[in-house]
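An overview of the molecular structure
Each chain is listed here by its residues.
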2 protein chains.
Amino acid sequence: MSSRVLAADLPRYVGARVRVAGWVHRRRRLKSVTFVVVRDRSGLAQVVLRGAAPPEETVVEVHATVSANPRAPGGVELTEPVVETLAEAVPPPFDLYRPAVTASLPAILDHAPVALRHPALKERFAVAAAAVRGFRSTLDSRGFTEVHTPKIVASATESGGCVFGIDYFGRPAYLAQSPQFFKQALVGVFERVYEVGPVFRAEPHDTARHLAQYTSLDVELGFIRDHHDVMAVLREVLAGMSDPALVTVPEEIPEIHFAAAVDLLEADPREPDLAPAHERALSEWARREHGSDFLFVTGYPMAKRPFYTHPDPARPRYSNSFDLLFRGVELVTGGQRLHRHADYLAVLGDAAPEYADYLQAFAHGMPPHGGFAIGLERWTARLLGAANVREVTLFPRDLHRLTP
Amino acid sequence: MSSRVLAADLPRYVGARVRVAGWVHRRRRLKSVTFVVVRDRSGLAQVVLRGAAPPEETVVEVHATVSANPRAPGGVELTEPVVETLAEAVPPPFDLYRPAVTASLPAILDHAPVALRHPALKERFAVAAAAVRGFRSTLDSRGFTEVHTPKIVASATESGGCVFGIDYFGRPAYLAQSPQFFKQALVGVFERVYEVGPVFRAEPHDTARHLAQYTSLDVELGFIRDHHDVMAVLREVLAGMSDPALVTVPEEIPEIHFAAAVDLLEADPREPDLAPAHERALSEWARREHGSDFLFVTGYPMAKRPFYTHPDPARPRYSNSFDLLFRGVELVTGGQRLHRHADYLAVLGDAAPEYADYLQAFAHGMPPHGGFAIGLERWTARLLGAANVREVTLFPRDLHRLTP
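Residues numbered from 1 in each chain as written. Chains lettered and ligands numbered in written order. Predicted model: local features only at pLDDT ≥ 70, side-chain atom pairs only at ≥ 80, totals over all residues. Heavy atoms only, no water.

Each aromatic ring pair is described using two quantities: the centre-to-centre distance and the angle formed by the ring planes. Under the criterion given, the structure shown has 42 aromatic pairs over all chains. When the centroid spacing of 5.3 Å and the interplanar angle of 80° are considered together, the rings of Phe164 of chain A and Phe169 of chain B count as edge-to-face. You can see Phe164 of chain A sitting in the loop between strand 7 (152–153) and strand 8 (165–168) and its partner Phe169 of chain B sitting in the loop between strand 8 (165–168) and strand 9 (171–175), one on each of two chains. Take Phe164 of chain A: its relative accessible area is 1%, and that puts it in the buried class. Arranged with centres 5.2 Å apart and planes meeting at 70°, the rings of Phe307 of chain B and Tyr355 of chain B form a pair that is edge-to-face. Separated by 48 residues along the polypeptide, Phe307 of chain B in the loop between strand 13 (294–298) and strand 14 (321–326) and Tyr355 of chain B in the loop between helix 8 (341–348) and helix 9 (356–363) bring together distant segments of the chain. (Phe/Tyr/Trp six-rings, centres within 6.5 Å; stacked < 30°, edge-to-face > 60°. Helix = DSSP H or I, 4+ residues; strand = E, 2+ residues; numbered from the N terminus. Buried < 20%, exposed > 50% of the residue type's maximum accessible area, 1.4 Å probe, protein only.)

The next thing to look at is the side chain of Ser242 of chain B. Residues and elements named next belong to chain B. Structurally, Ser242 can be placed in the loop between helix 5 (227–241) and strand 12 (255–257). At 2.6 Å, the side chain of Ser242 forms a polar contact with the backbone oxygen of Leu238. Once you skip the residues sitting within four places of it in the chain, Ser242 turns out to touch Val247, Val249 and Trp379. (Polar contact = N/O pair within 3.5 Å; in protein donor to acceptor, adjacent residues only side chain to side chain. Contact = heavy atoms within 4.5 Å.)

So, about the packing of helix 8 of chain B against helix 9 of chain B. All names here are of chain B. Where helix 8 meets helix 9, the axes come as close as 8 Å, and the angle between the chain directions of the two elements is 150°. The angle between the axes of helix 8 and helix 9 places the two elements in the roughly antiparallel class. The residues of helix 9 that touch helix 8, namely those facing His341, Tyr344, Leu345 and Leu348, are Tyr358, Leu359, Phe362 and Ala363. The class makeup of the residues in the contact of helix 8 with helix 9 is 7 nonpolar, 1 polar and no charged. (Axes fitted to C-alpha atoms, helices over the stretch in contact; angles between N-to-C directions. Parallel < 35°, antiparallel > 145°, perpendicular 65-115°, else oblique. Nonpolar A, V, L, I, M, F, W, Y, C, P; charged D, E, K, R; others polar.)

Moving on: the UniProt feature "site: Important for tRNA non-discrimination" (unreviewed entry) in chain A. Residue and element names in this part refer to chain A. According to UniProt, the feature "site: Important for tRNA non-discrimination" (unreviewed entry) maps to Pro73 in the numbering used here. Here Pro73 shows up in the loop between strand 4 (59–68) and strand 5 (76–87). Accessibility expressed as a relative area gives 38% for Pro73, which makes it partly exposed. (UniProt positions renumbered as here; feature names shortened; annotations may be inferred.)

With that settled, the discussion passes to unusual backbone geometry. Residues and elements named next belong to chain A. The residue after Thr403, namely Pro404, is reached through a cis peptide bond having omega -5°. If you trace the backbone, Pro404 turns up in the segment after helix 10 (376–384). Its identity as a non-glycine residue notwithstanding, Arg327 has a phi of 50°, on the positive side. Here Arg327 lies in the loop between strand 16 (321–326) and strand 17 (329–337).

Mapping one chain copy onto the other needs a rotation about an axis and a shift along that axis. Rotating chain B by 180° about the axis while translating it 0.0 Å along that axis superimposes it on chain A, leaving an RMSD of 0.0 Å. The superposition of one copy onto the other is thereby described by a two-fold rotation axis. Among all residues of chain B, the one whose C-alpha sits closest to the rotation axis is Ile166 of chain B, at a distance of 2.3 Å. (Least-squares fit on C-alpha atoms with pLDDT ≥ 70 in both.)

Let us look at the sheet that holds strand 16 of chain A. All names here are of chain A. Read across the sheet, 8 strands follow the order 6-10-11-18-17-16-13-12 without closing on themselves; strand pairing throughout is mixed. Each end of this open sheet is capped by a strand with a single partner; those strands are strand 6 (145–146) and strand 12 (255–257). Of the strand pairs in this sheet, strand 17 and strand 18 (residues 369–375) are connected by 6 bridges, and their pairing is antiparallel. Within strand 18, the residue paired with Gln336 across the bridge is Gly370. Docked against the sheet, helix 6 (residues 258–265) engages strand 12 and strand 13 (294–298), running at close to 85° with respect to strand 12. (Pairing = 2+ DSSP bridges.)

Each domain of chain A was delimited in the assignment, giving domain 1 (7–87) and domain 2 (119–392). Relative placement of domain 1 of chain A and domain 2 of chain A: their C-alpha centres are 47 Å apart. (Domains from an automatic or database assignment.)

This part takes up the sheet that holds strand 15 (residues 329–337) of chain B. Residue and element names in this part refer to chain B. Ordered in space as 6-10-11-16-15-14-13-12, the 8 strands form an open sheet in which the pairing is mixed. A single partner strand is all that each edge strand has here, and the edge strands are strand 6 (145–146) and strand 12. Bridge analysis of strand 14 against strand 15 gives 6 bridges, and the strand direction is antiparallel. Looking at the pairing, Ser321 lines up with Gly335 of strand 15.

Shown next as structure tokens:
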């Protein structure tokens, strides 16, 4: 049997007899012939058929001659075809051949196994896969080790609420909200680590940017001076993740301190955090003043950061932490962490025994370190201008959705 | 401040003043000097110190001169040092500088955040990370798309027992035992997909090869003729994952049909599966007869394979499935799946409505397809000759262990 030729490769086979396989993407019946467009993972191929064509989404194998035709997609079409049906199909609930999917987002999500076949929807996940590939290759070349940490944890101590409970062999356990504690401990082992994996948030919010499970791109590194070393790695990572056709990461991402941002926004100086409207305004400012889609906001007040956050030694009310704003939204949170055992004992106080496993690493010597986490779906959504993270999630899970 | 030099790079700096940073790995006090070995992510550096040295695992920064000394590790040592303590440390519960860790496996696992710093333990995870990198690069170059699928699912229908239950916003849900259903549906979208991610098994067995969470390397591809196309991809993947110093993957992995294996073993022909002793005997046979550490056993009886398994069209009692044995144990399970909607309706019968989400993809046309899953920890364990998968898992989760 001749080996299969992908649609995108057909122009190299003009005059040859080939075997193509894919899904019937579209049928157009003219008076004497039917044009059948076959879709495979590489693109589309036009088949000129005499007689009836099978319905949309039928899986077919086509033996045919590749003929040049400047008016056909790709400049070629398949003539004298012998079409074999590999699997029959019920036509999809909405047309996959139209330029845009006309169905509502809930209808698309309900029918994800077939809706995702739409070339425009499918393409989003190629962008996401390329971003993850760039994330890893950037870090692999900088001495980072990829790790896989537990998603089932004994306590919900990391940040309190919003955790899913599990029945773990009759004992209570929880789904990990992040690999934070593990990646810190692993700085003690590998110095530089990253993980690509699911994280779980029992988010009671039904918004366009929250999911119950998302893919977190986590990084942590040791032997830093302060959070600026972490931000430098993040800048390299973002450059590695970016398709130049969609975004440019500046050589130096502009930075504004939280206190300066509050001044600029004329916001309430007693508020320890920025509101979404503030983030949008700051992003516009960065675009206007620095020509940048990215902005680092550094030095958030300690009051609103997690307990492991390292304070700014010069101004201890502020932290050595940062958020990265990208096109109006917070994309990344990161910063320097506490590294001295005594500092953890001081901030945890009476709660320290609950954190005994976490504190092991610090008791036995941890270097100054820090890290960050990028939400893959948020990144892809902002990159592609998708209004809702569900548009860039294959099978989203949220307050109301647990299927398909 | 001068930039940090890694221990492994010191031979390039003989005569220079450098900054090194790491953990105090070992102290050896002689009459007039103390040798302090500093460990960083690249290796070890010997510092010649006059006066007292800080205890093991103290995090230090050392400014010193690189001096050639053929008797020192790496041929260099650090002289005229100025040592600064970055973080104090309690000495570890067992010596990390001895060639092998003398503690028991439970003690190692209890103290994982510090035990993993032992160079021999840490090295295992570099092997695992390299294997995953090879897995991905092999598939990336063959038109596969990386995907991220839900780990929270609505029903425990895939294989029945051994699932963890979750409280999902007040509704029952389950941790996914595998991405099987999702990866099949995604063949309809991308044709070729892979996923590296955690899978969860509520294994009531306390054995050396079972974990409650492990890292599954999942592959699925469409437009195959039968399971041999899947096995060919698996062979390429294994070659990409292998360190030639540890294992050789033959150009063609030998294959034996289940029925022939039963004859060879003189086993009970009514038994639809192989016992662990059978797997060991077959592995030894492959080693002896074919000089191969790997053996495909194909055509397992349908009776013991999951419902989506494709039968052998010529002998429907047997399946188009395979196991890959590696050095005596089953490493990979895979095969061709059913792809016609009508076949699923026939095998599921009255239970079909429970699988409505899964069946969507098949109703709308699915090509002949198949795939496999490799357990990362099993692979690494067999590669390194580790007797227990816990030895190659950073923070294992099992029937009795939920921390650290």
